[in-house]
Amino acid sequence: MDTRVAEAPPTTAHRRSAPSRQRGRRRIAQRSRRIAVCGLLAPFAVTFVLSFLAPLGYAVYESFFKQKRSGLGLTPPTQAFAGFANYTQALHDHDFTAGVWRVLLFGAVQVPVMLGIALLLALVVDAKKDRLARWFRLAAFLPYAVPGVIGAIMWAFLYLKGSSPFVQAFSTFGLDVDFLSRHLVLASIANIVTWTWTGYNMIVIYSALQAVPTELYQAAEVDGCGPWRIAWHIKIPLVAPALVLTGVFSIIGTVQLYNEPTVLRALASTINATYTPNMAVQNVAFTFNDYNLSAAMAVLLALGTFVLSFGFLHLTRRFTERSAS
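Report on the accompanying structure. Computed from a predicted model, the values in this text were never measured in an experiment.

Attention now goes to the overall build of the protein chain. Per the secondary structure count, the protein chain includes 13 helices and two strands. The C-alpha radius of gyration of the protein chain comes to 30 Å, more than 25% above the 20 Å expected for a compact globule of 325 residues. Counting only C-alpha atoms and orienting by the principal axes, one finds that the protein chain spans roughly 120 × 80 × 40 Å. Each of the 325 residues in the protein chain was classed as buried or not, and the buried ones make up 31%. On the protein chain, roughly 21200 Å² of surface is accessible, and the fraction owed to carbon and sulfur atoms is 68%. Counting 28 positive and 15 negative side-chain charges, the protein chain places the averaged centre of each group 13 Å from the other.

Rendered as structure tokens:
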């Protein structure tokens, strides 16, 4: 005799509760993931707000005010709303605008030269897979590891007439070269920046080359392509995003040019206190104590950097799309 008791079929309420429990578990899991994501992003978000958005917002706020004094200037100054008067004054400041044009000329020449050298070095290192290539990679990156001020001081002594081996080498050919003269000082600064950042950009481009599948090179070799054709038709087009990235970083760094001219200013009379826009902002703020005008200049520099970098991204994207089509 079979003594097993037949199980009762699940009721309608039981069938309805199972999906609801599953939905509840999914909602709890999604809520837990959101909390985890917010917890991971919170340190970055707080740092970004405190170190970037808050100073930028404060600079924008200060740029719309001016300090006004009454009487003989013995009473404390008061802040008054000035609208866009500080921006108008900044745009009509000859020293500030001259520094902007000087930096634009600097970037138009130095950035392409530096990225071209970095690309060439990355292609050479990628073509050589031996131990010497690894040592060359490290040697090219070492200038970036040197602090910018220290590198500028080192090059300053290499530019001085009394201690420069380059000046002595030119003098043997009867040439009197002054690297800190009015005509050569900007090129001397560009040389320091190129020496510092070429290795860094080379590493970025070289890393992009390492991500290219080797099957593409093998297929090109089977089709009869030599090393130069492979580099021109395969390697360079595939590392174009890395070139764009380094180009954007270089544009931002060019607008922020400060360390090198500030160090060389002690040795070169041709470099004044407003030689670059950042130096002009510092001079207005801490020499003339006009923090509102310096804030307006800083905001204009931020807007200019934004326009230049995103304009460069837009142009390179259109060029890439045309090349692909």
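Further notes follow.
You can see Ser63 is positioned in the loop between helix 1 (12-62) and strand 1 (65-68). Relative accessible area serves as the criterion here: at 0%, Ser63 is assigned to the buried category. Only 2.6 Å separates the side chain of Ser63 from the side chain of Tyr87, close enough to count as a polar contact.

To describe a pair of aromatic rings, you give the distance between the ring centres and the angle between the ring planes. In total, this model carries 19 aromatic pairs according to the counting rule given. Here a set of aromatic residues connected by ring pairs shows up, and it is made of Tyr61, Phe64, Phe65, Phe81, Phe84 and Tyr87. Sitting above the plane of the Tyr217 ring, Lys235 keeps its charged end 5.2 Å from the centroid.

Further remarks concern the packing of helix 3 (residues 94-127) against helix 7 (residues 185-210). Between helix 3 and helix 7, the least distance of the axes is 7 Å, while the angle of their chain directions is 40°. Taken together, the axis directions place helix 3 and helix 7 in an arrangement best described as oblique. Handedness of the helix 3/helix 7 crossing: right-handed. Across the contact of helix 3 with helix 7, the residue classes break down as 20 nonpolar, five polar and two charged.

Glancing now at the pattern of salt bridges. Counted according to the given criterion, the structure contains two salt bridges. Its salt-bridge partner being Asp126, residue Lys235 comes within 2.8 Å of it at the nearest N-O pair. Residue Lys235 is found in helix 9 (residues 227-238), and its partner Asp126 is found in helix 3; the two are separated by 109 residues along the sequence. Salt-bridge contacts for Lys161 lead to Asp176; the nearest nitrogen and oxygen are separated by 3.2 Å. Remark: Asp176 occurs in the loop between helix 6 (165-171) and helix 7 and Lys161 occurs in the loop between helix 5 (148-159) and helix 6; sequence separation between them is 15 residues. The exposure class assigned to Asp176 is exposed, which follows from its relative accessible area of 66%.

Roughly 730 Å³ of internal volume is contained in the largest pocket. Along its surface, the largest pocket is lined by 26 residues, and Phe52, Leu56, Ala298, Val299 and Ala302 are the ones closest to its centre. Secondary structure elements with two or more residues in the lining of the largest pocket: helix 1, helix 10 (240-255), helix 12 (277-286) and helix 13 (291-324). Here the lining of the largest pocket takes 13 residues from helix 13, the largest share from any one element. Partitioning the lining of the largest pocket into residue classes produces 20 nonpolar, five polar and one charged.

This brings us to the nonpolar core. Core analysis: the largest hydrophobic core is formed by 20 residues, its most contacted members being Phe106, Tyr159, Ile189, Leu264, Ile271 and Tyr275. Secondary-structure elements contributing two or more residues to this core are helix 5 and helix 7. Counting residues per element, this core draws most heavily on helix 7, which supplies six residues. Non-local contacts of Ile271, meaning those with residues more than four positions away in its chain, are made with Val185, Ile189, Pro261, Leu264, Arg265 and Met279.

If you check helix 10, its first and last C-alpha atoms are 23 Å apart, about what 16 residues at 1.5 Å a residue would give, namely 22 Å. Buried residues of helix 10: Ala242, Leu243, Val244, Thr246, Gly247, Val248, Ser250, Ile251, Thr254 and Val255, and no others.

Another aspect to go through is helix 12. Three- or four-residue spacings in an α-helix give side chains the same orientation, since the helix completes a turn every 3.6 residues. Across the 10 residues of helix 12, seven count as buried, placing the element largely inside the fold. Among the residues of helix 12, those classed as buried are Pro277, Met279, Ala280, Val281, Asn283, Val284 and Ala285.

Relative to the elements of secondary structure, Thr246 occurs in helix 10. The exposure class of Thr246 is buried, given its relative accessible area of 1%. Sequence-distant contacts of Thr246, that is, excluding residues within four places in its chain, are made with Leu115, Asn201 and Val204.

A positive phi angle, near 55°, is found at Asn289, a position not held by glycine. You can see Asn289 is positioned in the loop between helix 12 and helix 13.

Cut-off values and rules
- Residues numbered from 1 in each chain as written.
- Predicted model: local features only at pLDDT ≥ 70, side-chain atom pairs only at ≥ 80, totals over all residues.
- Heavy atoms only, no water.
- Helix = DSSP H or I, 4+ residues; strand = E, 2+ residues; numbered from the N terminus.
- Rg over C-alpha atoms; globule rule 2.2 N^0.38 Å.
- Buried < 20%, exposed > 50% of the residue type's maximum accessible area, 1.4 Å probe, protein only.
- Areas by Shrake-Rupley, 256 points an atom, 1.4 Å probe, with all protein chains shown as cover.
- Lys, Arg positive; Asp, Glu negative; His and termini not counted.
- Charge placed at Lys NZ, Arg CZ, Asp CG, Glu CD.
- Polar contact = N/O pair within 3.5 Å; in protein donor to acceptor, adjacent residues only side chain to side chain.
- Phe/Tyr/Trp six-rings, centres within 6.5 Å; stacked < 30°, edge-to-face > 60°.
- Lys NZ or Arg CZ within 6 Å of the ring centre and 35° of its normal.
- Axes fitted to C-alpha atoms, helices over the stretch in contact; angles between N-to-C directions.
- Parallel < 35°, antiparallel > 145°, perpendicular 65-115°, else oblique.
- Left-handed = near helix turned anticlockwise from the far one by under 90°.
- Nonpolar A, V, L, I, M, F, W, Y, C, P; charged D, E, K, R; others polar.
- Salt bridge = Lys/Arg side-chain N within 4 Å of Asp/Glu carboxyl O.
- 1 Å grid on protein atoms, 1.4 Å probe; cavity = no way out; pocket = protein on both sides within 12 Å on 5 of 7 lines; lining within 4 Å.
- Points joined across faces, edges and corners; volume = space filled by probe spheres on them.
- Core = buried A, V, L, I, M, F, W, Y, C linked by side-chain atoms within 4.5 Å.
- Contact = heavy atoms within 4.5 Å.
- Expected span 1.5 Å × (residues − 1).

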